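Structural overview
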Amino acid sequence: MADIGHGLGRLAGKVALITGASSGIGAGTAKMFSKLGAKLALSGRNEDNLKKTGDVCEKLGGNKVLCIQGDVTIEEDVKRIVEETVTHYGQLDILVNSAGILTLETIETTSLEQYDKLMNTNVRALYHITMLAVPHLINTKGNIVNVSSVNGIRSFPNMLTYCMSKSAVDQFTRCCALDLAPKQVRVNSVNPGAVVTEIHRRAGLDEETYQKYLEHTKITYPLGRPGQVEEVAAMIAFLASENASFITGAQIPIDGGRHVACPR
Ligand code: NDP
């Protein structure tokens, strides 16, 4: 029987590889995991930000952190990220796929370049890193948590490719969960709504529009506010822990009730 019943779930001694750890939800997850005793391999493109996350994690958890700079859309980088993690720690227990980007467009305003960039980042890269991590996760009977979105389960205007990519992530989660269940590897997703990170500004929202968007959550989100990275990280930590030992193939909305709301 799994060792259940420890709050969020202990991650002591578990080796976790987290992509997108240089910012936002990935960085918040790294900090949460370090407090719970995990041994971390953190990946991101921006070396300075990655190191900042790593330094905070070392202070919070006491374990030395392995930072691996890389671009998940570059195949050689993905191979290096997985190899360095396993060579360093000798095992892999948890993969958190948080690296992702947002673009804003409709079928009338899109380009194939934009489509390829988003799909390569949010879907192909996640597919690739998971593919390389799975043999190691089978060895440890480990688990995977994918960071999807409310956009995977609901449709929104002006977010065509992003919605498509997150629906693909959800289907990926469910299919991998079925394929890997016989090997005792669990696969789950979290589906956050609006969470305060850099992603919206990076998608091109200027400060005024971004603030209006956050303000608008008072109306569009039943709980009347956007989420914070810690609220997503807590669920990722739970799913990655033994407390979730009978959960696989789940998509957990963390969105203040956004996915059940209808406009009125
Ligand atoms: P941020 O922009 O704050 O962080 C994105 C992270 O992904 C960064 O660490 C970034 O690295 C990394 N990343 C992006 N592209 C690549 C790449 N090609 N190679 C390697 N790393 C890459 O956004 P969030 O934290 O908000 O986003 C994390 C995940 O959460 C995404 O999958 C997003 O879709 C999802 N999400 C976010 C929501 C939100 O409202 N914030 C809501 C629902 C889902 P670097 O900074 O080093 O370039």
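Here the structure is a predicted model, which means the values were calculated and not measured.

Note that an α-helix has 3.6 residues per turn; residues three or four places apart therefore point the same way. Taking 1.5 Å as the rise per residue, helix α3 (residues 75-89) with 15 residues should run 21 Å; its terminal C-alpha atoms sit 22 Å apart, in good agreement. Buried within α3 are the following residues: Asp-77, Val-78, Ile-81, Val-82, Thr-85, Val-86 and Tyr-89. Take α3 and look down its axis: the buried residues cluster within an arc of 160°, on one side only. Those residues of α3 that are exposed and angled more than 90 degrees off the buried face are Glu-76, Glu-83 and Thr-87. On its buried face, α3 sits against β1 (15-18), β2 (39-44), β3 (66-69) and α4 (112-140). Downstream of α3 by a residue or two, Gly-90 has a phi angle that is positive, lying close to 80°.

Glancing now at the packing of aromatic side chains. Here the structure, examined in full by the defined rule, presents two aromatic pairs. Judged by centre distance (5.7 Å) and plane angle (40°), the ring pair of Tyr-127 and Phe-172 falls under tilted. Highlighted residues: Tyr-127 in helix α4 and Phe-172 in helix α6 (residues 160-180), separated in sequence by 45 residues. With 6.4 Å between their ring centres and 25° between their planes, Tyr-210 and Tyr-213 make a pair best called stacked. Within this pair, Tyr-210 and its partner Tyr-213 are both found in helix α8 (residues 207-220), separated by three residues, close to a single helical turn.

Near the ligand you find 32 residues, and of these Ser-22, Ser-23, Tyr-162, Thr-197 and Arg-202 are the closest. A distance of 3.0 Å is found between an oxygen atom of the ligand and a side-chain nitrogen or oxygen belonging to Lys-166. The contact in question runs from an oxygen atom of the ligand to an N or O atom on the side chain of Arg-202, over 2.6 Å. Broken down by secondary-structure element, the contributors of at least two residues to the shell around the ligand are α1 (24-35), α6 and α7 (199-202). The biggest single contributor to the shell around the ligand is α7, with three residues. Residue composition of the shell around the ligand, by class: 11 nonpolar, 16 polar and five charged.

Let us look at the layout of surface pockets. For the second largest pocket, the calculated volume is near 390 Å³. Looking at the lining of the second largest pocket residue by residue, the classes come out as seven nonpolar, seven polar and six charged.

Right, let's get into the pairing of β1. Side chains of β1 alternate between two faces, with Val-15 and Leu-17 and Ala-16 and Ile-18 buried alike. Bridge analysis of β1 against strand β4 (residues 94-97) gives three bridges, and the strand direction is parallel. Residue pairing for β4: Ala-16 is matched across the bridge by Ile-94.

The seven strands lie next to each other as β3-β2-β1-β4-β5-β6-β7, forming an open sheet whose pairing is parallel. The sheet is open, and its two borders are formed by β3 and β7 (251-254), each paired with just one other strand. Direction aside, the axes of adjacent strands within the sheet are offset by 15° on average. Inspection of the sheet shows strand β6 (residues 186-192) paired to β7 by four bridges, in the parallel sense.

Reading the values: the criteria
Residues numbered from 1 in each chain as written. Predicted model: local features only at pLDDT ≥ 70, side-chain atom pairs only at ≥ 80, totals over all residues. Heavy atoms only, no water. Helix = DSSP H or I, 4+ residues; strand = E, 2+ residues; numbered from the N terminus. Expected span 1.5 Å × (residues − 1). Buried < 20%, exposed > 50% of the residue type's maximum accessible area, 1.4 Å probe, protein only. Arc of directions from axis to C-beta. Contact = heavy atoms within 4.5 Å. Phe/Tyr/Trp six-rings, centres within 6.5 Å; stacked < 30°, edge-to-face > 60°. Near = heavy atom within 4 Å. Polar contact = N/O pair within 3.5 Å; in protein donor to acceptor, adjacent residues only side chain to side chain. Nonpolar A, V, L, I, M, F, W, Y, C, P; charged D, E, K, R; others polar. 1 Å grid on protein atoms, 1.4 Å probe; cavity = no way out; pocket = protein on both sides within 12 Å on 5 of 7 lines; lining within 4 Å. Points joined across faces, edges and corners; volume = space filled by probe spheres on them. Pairing = 2+ DSSP bridges. Axes fitted to C-alpha atoms, helices over the stretch in contact; angles between N-to-C directions.

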